[in-house]
Every structure is written in C-alpha cells, then in structure tokens.
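Architecture and fold: a report
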Amino acid sequence: MNDAKAEKKEITFYGIPASPGIAFGEAFVVNVEDMSVPEEHVSVDQVDDEIRKFHEALEQTEREIKKLVRSLEEEIGEEHGKILDSHRMILSDELFRNETIKTIKENKVTAAFALNTVLDKVLATFAAIKDEYLKERTEDIRDVRRRVLRNLMGQQAEGLSNLRRKAVVVARSLTPSDTAGLNKKYVAAFITDAGGSTSHAAILARSQGIPSVVGLNDMVKHVKPYDQLIVDGITGQVVLNPTAETVHLYREVQARYRELEKELLTLRDFPAVTLDGHSIELSANIETADEVADVMSHGAHGIGLFRTEYFFITRSALPSEEEQYRYYASVVKRIPADPVIIRTLDVGGDKIARWVGDLREANPFMGWRGIRFTLARKDIFRTQLRAIFRASAHGNVKIMFPMVSVLDEVRSAKQLCEEVKDDLKRERYQIGENAEIGIMIETPSAVAIADLLAREVDFFSVGTNDLIQYALAVDRGNAKISYLYDVLHPSILRLLRDTVTAAHKHKIWVGICGEMPGSVHGALLLLGLGLDEFSAASYLIPTIKKIVRSVTYDEARALVRKTLTMGTAREVREHVERFIHEKRPELREFLPEAAS
Amino acid sequence: MVVGSVRVKNKNGIHLRLAGELVKGATRFRSHITVTKDGQEVDAKSILGVAGLGAECGAELVIKTDGEDEAEALAYLVDLVDNQFALEST
C-alpha cells in the first residue's frame, strides 16, 4: 500500500439504512484478520505447564462467553444469546481439546501454537467442503480461536474493545463477540459490508439509537484507519473522505434532523388526528419481540405488523408451540391494551427457509409462499395458530394471513382457526375469544375480489411493496425497469381506492403496512384515500403523525380526488408537491432534497 | 455395533448450529458414535468433526453406534436427521 500520499478522493457508498441519524467521525476499522501466532518450543518440563495454561484459557473463555450471553440477553433480548451456543460447544469439543494437548506433548510447543495448528487443520477440512454455503460457515470457529488466543497470549482486549475515542466503527461484519467489550459511548456509528436490517449490528444500533448503515458490499477495503466518514442512517449513504462542501451540507442535514427529531418526539403522546378531527390508527411494524420498546418510545399505538419469519429463520429447528407462545405473549403482555397484529409465517419469495428443505424455485415471488405454504404445511400452520391464540389471552391480538389470492385460501385458514380454538378450549387453555382475523391485500387478484374477501374477514391490511411489484409486473431489484416501481402510479392509487371502497362497504377497517406511509406524498394520499390504519417502521411514526396533524381530512380527500384523474406518477407527484408548497409549507421539510 | 443411514434434508445442509444439535443428541447416549460421509468418519460427539463433514442437503450419512444403548442411540439420531432436526423443539 503506497497510496498513502495519494490525494484522498471523496467516495459515496450506498447501503441499507439500518438505524436512523447522521454521524461524522474517524474510521475505526475492526481488525478482521486472524492473529499471528509464532512457533515457540518449550522444554519437556514446561509441557505440563502449557497444558495447564490451555485449560485455564478455555475456562476463562467459557466464562467470557457466559457473561456475553447474559449481557446480550439483557441488552437486545433472549434470542440473541442463543447464537453463542455453538461457540460454547466448540470450546468443550473433545477432538479440539485432545488434539491440542497431544500436539503440545508430542511437538513440545506452546499451547497457543498447538491450538492454532489444530484449528488450522480443522479449518482446512472446511476449506475442502464442496458446498459453498457450508464452506463459508467458519466465522464462528475463527471467533472462538481469537478469544482463546487472546486469553492465552496474555493480550488484553483487542479489536473493538480498544476503542477509546469516538469513532465510526467499520467492519466486514460484526458478531456479538465483536461488540461485547465495546464501550458504546465511543461509537458514532456502525457501518458494515455484510448484513441486512436484521443483522446483529443493525439491531444493536437501533436499540442504542446509534446511526447505522449495513450491506455496503466492499466498502471496508476502501477505508483506512482515521479516514473521515459521514454516515447517513436515513438514506443509507456513507461518504468517505468528504470534501469541506459535503461536510457542510451534511452538518445542515444533521442539524435539521436533530431539530426535527426533537420536535417530533414532543408529539409522542398526541393522537394521530387531522386538523378537522379525523383520526387514524397509527401503529408500528416489528420484526423481533425486542423492538416493542421502540414502538412505545416513538408513540405508536400498538403493532400493525408483527412479522414472524425472523423468529423462525434464526433457528436451526422449527420452534415449538411453547416457544412461539412465550415469544408472542412477551410482546402482547408489554402492551396489553394496544392491538398487536400477528402475521402468520410468510416464507418463500425473498426469505430463506432452511428448516423446510429445499425451497428453491424458478420464480419464488410467484411461488410457494405466504398462506399457500402454510396451508400446505398444516403441521406448521396449526402449531403457529395455537401459539397465537394462546397469546391472545393476554391482550388485544389480531391474526393476519399473507399472500392471499383466492377466496378458498381464506375459508380454509378460517376453518383451521376454528378447529384450533375448539381444541384449545377443550384443553382448557385461555384464549382471547374475539381475536379479529384479517388478510393482507398484496396481489391484484385480492383487490379484484376485495368485496368477496371483505365478507369473510374483520380487516384488510394492504402490503404496498408486494402489491406494486405484482400490479406493475416489475422486479424492483432489476435496474433496467426499477423506474417503473413507483408507489404513486395511477394504477396503484386506483387499486388502493377499490380496496378501501370494498372494505368500507362491508363495514370492515382497512390499513396499510408497506413503506408507502413513510413518504409525505404517500402519507397524504393514504389519508385522503380513507385508510383507517397506517403501520410503519417505528422511527417513521413521529413523521407520519406530524404530517397527519398538519392537514385537514377534507383537503387530503380533495387531493386524492384530483390525483385520481391524473395519468402519470409524475403528475401525481408534482400535484402533491404543489399542494404542499401552496397550502401547507410547513410540510416542505419532509420533501426529498430535490423538491424542497 | 449397529449401523444405519439417513439423508440430510435441511436446505443448507448440516452447518455449525445443526452439527451442534446432532452432537447434543449424541451426547445423550453412552455409546461410542460415529458419522461417516463419503468415507470420512468422525466422532458424532465432536461439533468440529460433524460440521467439518460438510454434509450438504441430500448427502447420505452413515451412523454407527457401539455400546450398551446403541439401538436407541441409532434410532434417535436417524430420526433427528430425518425430521430435519425438528425433534429438538417439540
């Protein structure tokens, strides 16, 4: 590396926003390389000493991991402690212990060198594995090796626990062990190459209110220690070596964000009601039970979408009824008076399902997913429904089925609910007798027969992300056509209008749980379309509440009447922006840069 | 000694966590237990050994148990793999 003198160029990386906020700071690049261990020989009478040191290091590591499990459970929830089960099993692995002791004795080497050699051999076995997925699962073994070596070689904390100044933590990925000794007050932001919004770094960042961007692909190799970084956890951008101009720009964005955040949080305890008294239900989407605290602190009224996939896919085996019951109940018990809408398993599509065998399909988005899957795997469906109905005894639980496209699916699922309820009653379980049953509206077919579906259920919740891609026949990941993916298309507005009309005609309520209410355009139009409930990520709740409280229902309805006559998404967008500029200028701060 | 075979059905094969489940299952028994895949034989009570097999979805595992509880051990482990490790949780 001799480019140290080269002029540092500003580079912008685009990743997945994982925790909102703007941060500035120097890079602290987490050392992801393995430690180097010198080959050191010992005399015959030192052999026993080395073996004793090895045992001590194992015990010490075991204690560290136990402590880590406890702190993980306290900080981000019981689920995350389980991740380290396999680490403890590696520590107590007989093969590993016996081979290391044998190597110390036979080769007269230090415990550190012996264990390093043994694990090198183990890792070589893994490298020979043909299956790509299995081959790559060696991070846990390396992690355990680093921990034991650290204890053996007498080095005090290394890696992240060395962080003694406020910095942006830059890593390929972050494991719970990596972040264990970390003093969070020194972390300005977390950014990682790997991971999605449910990766460990993302969850930790959100729980601590630290900005974070993940999924940055190959950002790490461009960043050197002490490089200047700007992290935008709202849009998912990371700027390396920003120019003075960029810094200035982001300082303004940061100041505005802080101002807004402060102002928005003052709205926490106010209802989501328009200037002329029309109120909507404003609730939050969650992926894990740990996020309930976020829901409450952002002033959402209950949970409009509790996704259950994450709980399933983070386990090596299917969760039992008892496990699921405790998990769902832990959420319900914390907010017993507020609605909690639990969506039954929605696997397939973009989600993984390693525990049900090979699900690879030529076209997963048009494949075996959502209610299609659960109706075919009644064993899994029944267990989940039993757990949900049992949890419903503790509060206001509603059940929602994803990916409905035909009437029969709803009838079969309802039939199964009745059977499950009867069974539970016979077995003397307490259940919430009046748990509402609803469906997601995310296929054009469901919209077309919304009037028929509305007779069968208690509510609808529109999943805009999927509805857009099915209605416009566009894969948002395909760069050539992603311009078509626009929530403001006249076709989408019409589908929403038809859904609301059918629901209200049959006296059921209709909500939305996609990303649409997160933009000012989306929120205003959804309000005017007459949706009864908005559910969005917790951090968006204050923004949506502010938008709803800034306008009248009448003017939102007028806005919708006008935009429904328009032919293109662009006209719709411009009309909404004209409305904001002319009638409600205080909403300008929610417009994207270009339009404000 | 008794011997049985079973195919891996889990989509991503036997990765570290599933290897851990298999080891947990094997350590319930007193018998000496090994798992063989493509001629590579490892101790079923070693997580590093089992994970190191790289048993992908569809791979055939030969399980050998030897000891006082060998029959139960074999039946239990074959079931465990055959049921995609779901036994642990129900």
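Residues numbered from 1 in each chain as written. Chains lettered and ligands numbered in written order. Predicted model: local features only at pLDDT ≥ 70, side-chain atom pairs only at ≥ 80, totals over all residues.

Turning next to the overall build of chain A. The helix and strand inventory of chain A stands at 24 helices and 16 strands. Counting over 596 residues, chain A shows a buried share of 45%. For chain A, the share of sequence-separated contacts (at least 6 apart) that also reach a separation of at least 24 residues comes to 68%. (Helix = DSSP H or I, 4+ residues; strand = E, 2+ residues; numbered from the N terminus. Buried ≥ 20, exposed ≤ 12 C-beta atoms within 10 Å, placed from the backbone. Contact = placed C-beta atoms within 7 Å.)

This brings us to the overall build of chain B. Looking only at helices and strands, one finds three helices and four strands in chain B. The N-to-C order of helical and strand elements in chain B reads β-α-β-β-α-β-α. The buried share of chain B, taken over its 90 residues, is 50%. Across chain B, the fraction of contacts at a sequence separation of at least 24, relative to all contacts at a separation of at least 6, is 69%.

The next point concerns the pairing of strand E7 (residues 228–232) of chain A. Residues and elements named next belong to chain A. With four of its five residues buried, E7 lies for the most part within the structure. Note: strand E3 (residues 22–29) against E7, five bridges, orientation antiparallel. Directly across from Ala 23, in E7, lies its bridge partner Val 231. As defined by bridge partners, E7 adjoins strand E8 (residues 237–240) across four bridges and the pair is classed as antiparallel. (Pairing = 2+ DSSP bridges.)

With 28 residues of chain B in contact, the opposing surface of chain A contributes 31 residues. For the side of chain B that touches chain A, the secondary-structure elements that each account for two or more residues are helix H1 (16–26) and helix H2 (47–52) of chain B. Here the side of chain B that touches chain A gets six residues from one element, more than from any other, and that element is H1(B). For the side of chain B that touches chain A, the residue count by class is eight nonpolar, twelve polar and eight charged. (Nonpolar A, V, L, I, M, F, W, Y, C, P; charged D, E, K, R; others polar.)

Here the focus is the sheet that holds strand E10 (residues 303–306) of chain A. Residue and element names in this part refer to chain A. Sheet architecture is closed into a barrel: eight strands sit in the order E9-E10-E11-E12-E13-E14-E15-E16, paired in parallel fashion. Recorded for the sheet is a direction-independent mean angle of 25° between the axes of neighbouring strands. Where strand E11 (residues 339–343) and strand E12 (residues 396–401) come together, five bridges link them in parallel fashion. The residue of E12 that forms the bridge with Ile 342 is Ile 399. Lying on the sheet, helix H22 (residues 541–550) is in contact with strand E9 (281–286) and strand E16 (533–537); it crosses E9 at an angle near 160°. (Axes fitted to C-alpha atoms, helices over the stretch in contact; angles between N-to-C directions.)

This part is about the nonpolar core. With 149 residues, the main nonpolar core has Ile439(A), Leu524(A) and Val50(B) as its most contacted residues. When residues in this core are grouped by element, the largest group, eight residues, is from helix H5 (residues 111–127) of chain A. Mapping this core onto the domain boundaries places at least three of its residues in each of domain 2 (44–152) and domain 3 (281–433) of chain A. Of all hydrophobic cores here, the second largest spans 39 residues; its members include Ala23(A), Val220(A), Val223(A) and Val238(A). (Core = buried A, V, L, I, M, F, W, Y, C linked by C-beta atoms within 7 Å. Domains from an automatic or database assignment.)

Before going further, it helps to spend a moment on the sheet that holds strand E4 (residues 60–66) of chain B. All names here are of chain B. Pairing is antiparallel in the open sheet, where four strands are placed in the order E1-E4-E2-E3. The sheet is open, and its two edges are formed by strand E1 (2–7) and strand E3 (40–43), each paired on a single side. In this sheet, neighbouring strand axes are inclined to one another by 25° on average, regardless of whether the strands run parallel or antiparallel. Taken together, the four bridges between strand E2 (residues 32–37) and E3 define a ladder with antiparallel strand orientation.

What follows deals with the confidence of the model for chain B. When the pLDDT values of chain B are averaged, the result is 90; 96% of them are 70 or greater. Reported confidences for the modelled complex are a pTM of 0.63 and an ipTM of 0.86. (pLDDT = per-residue confidence, 0-100.)

Next up on the list: the pairing of strand E14 (residues 459–462) of chain A. Residues and elements named next belong to chain A. Residues Phe 459 and Ser 461 of E14 are buried on one face, and the alternating residues Phe 460 and Val 462, pointing to the opposite face, are buried as well. Here strand E13 (residues 436–441) pairs with E14 via four bridges, running parallel. Bridge assignment links Met 440 to a residue of E14, and that residue is Ser 461. The sheet contact formed by E14 and strand E15 (residues 509–512) spans four bridges and is parallel. Looking at the pairing, Ser 461 lines up with Gly 511 of E15.

Quick look at the packing of helix H23 (residues 553–563) of chain A against helix H24 (residues 569–583) of chain A now. Residues and elements named next belong to chain A. Following both chains from N to C, one finds H23 and H24 inclined at 150°, their axes separated by 10 Å at the closest point. Here H23 is positioned roughly antiparallel relative to H24, judged by the angle of their axes. H24 is crossed by H23, and the crossing has right-handed handedness. Contact residues: Glu 555, Leu 559, Lys 562 and Thr 563 in H23; Val 572, His 575, Val 576, Phe 579 and Lys 583 in H24. (Parallel < 35°, antiparallel > 145°, perpendicular 65-115°, else oblique. Left-handed = near helix turned anticlockwise from the far one by under 90°.)

Here we take up the packing of H1(B) against helix H3 (residues 70–82) of chain B. Residues and elements named next belong to chain B. Here H1 crosses H3 at 160°, and the two axes come no closer than 10 Å. Classed by the angle they form, the pair H1 and H3 counts as roughly antiparallel. The interaxial crossing formed by H1 with H3 has right-handed handedness. Mapping the contact onto sequence places Leu 22, Gly 25 and Ala 26 in H1 and Tyr 76, Leu 77 and Leu 80 in H3. Along the lines of polarity and charge, the residues of the contact of H1 with H3 split into five nonpolar, one polar and no charged.

All names here are of chain A. For Val 238, the location among the structural elements is in strand E8. Overall, the presence of 25 C-beta atoms within 10 Å leaves Val 238 in the buried class. In this structure, the C-alpha to C-alpha distance between Val 238 and Ile 191, residues 47 residues apart in sequence, is 8.3 Å. Not counting residues within four places of it along the chain, the set of residues in contact with Val 238 comprises Phe 13, Gly 15, Ile 191, Val 213, Leu 216, Met 219, Leu 229 and Val 231.

This part is about the confidence of the model for chain A. Scored by pLDDT, chain A has a mean of 87; 89% of the residues are at 70 or more. Overall, residues 1–6 of chain A carries pLDDT values under 50, and its contacts beyond four positions in sequence, including any with other chains, amount to zero contacts.

Further remarks concern unusual backbone geometry. Not every positive phi belongs to a glycine, and Ala473(A) is a case in point at roughly 50°. Checked against the element boundaries, Ala473(A) lands in the loop between helix H19 (464–471) and helix H20 (490–505). Notably, Asp38(B) is not glycine yet its phi reads approximately 50°, a positive angle. In this fold, Asp38(B) is placed in the loop between E2 and E3. Its 12 C-beta neighbours within 10 Å are what place Asp38(B) among the exposed residues.

Further remarks concern H19(A). Residues and elements named next belong to chain A. Of the residues making up H19, those classed as buried are Thr 464, Asp 466, Leu 467, Ile 468 and Tyr 470. On its buried face, H19 sits against E13, helix H17 (444–448), E14, H20 and E15. Taken from the residues just after H19, Ala 473 is the one with a positive phi, measuring 50°.

As a further point, take H23(A). Because each turn of an α-helix spans 3.6 residues, side chains separated by three or four positions end up pointing in the same direction. Residues and elements named next belong to chain A. Here H23 has its buried residues at Ala 556, Leu 559, Val 560 and Thr 563. Along H23, the residues classed as buried sweep out an arc of 95° about the axis, all on the same side. Check the buried side of H23 and you find it contacts H20, helix H21 (520–529) and H24. (Arc of directions from axis to C-beta.)

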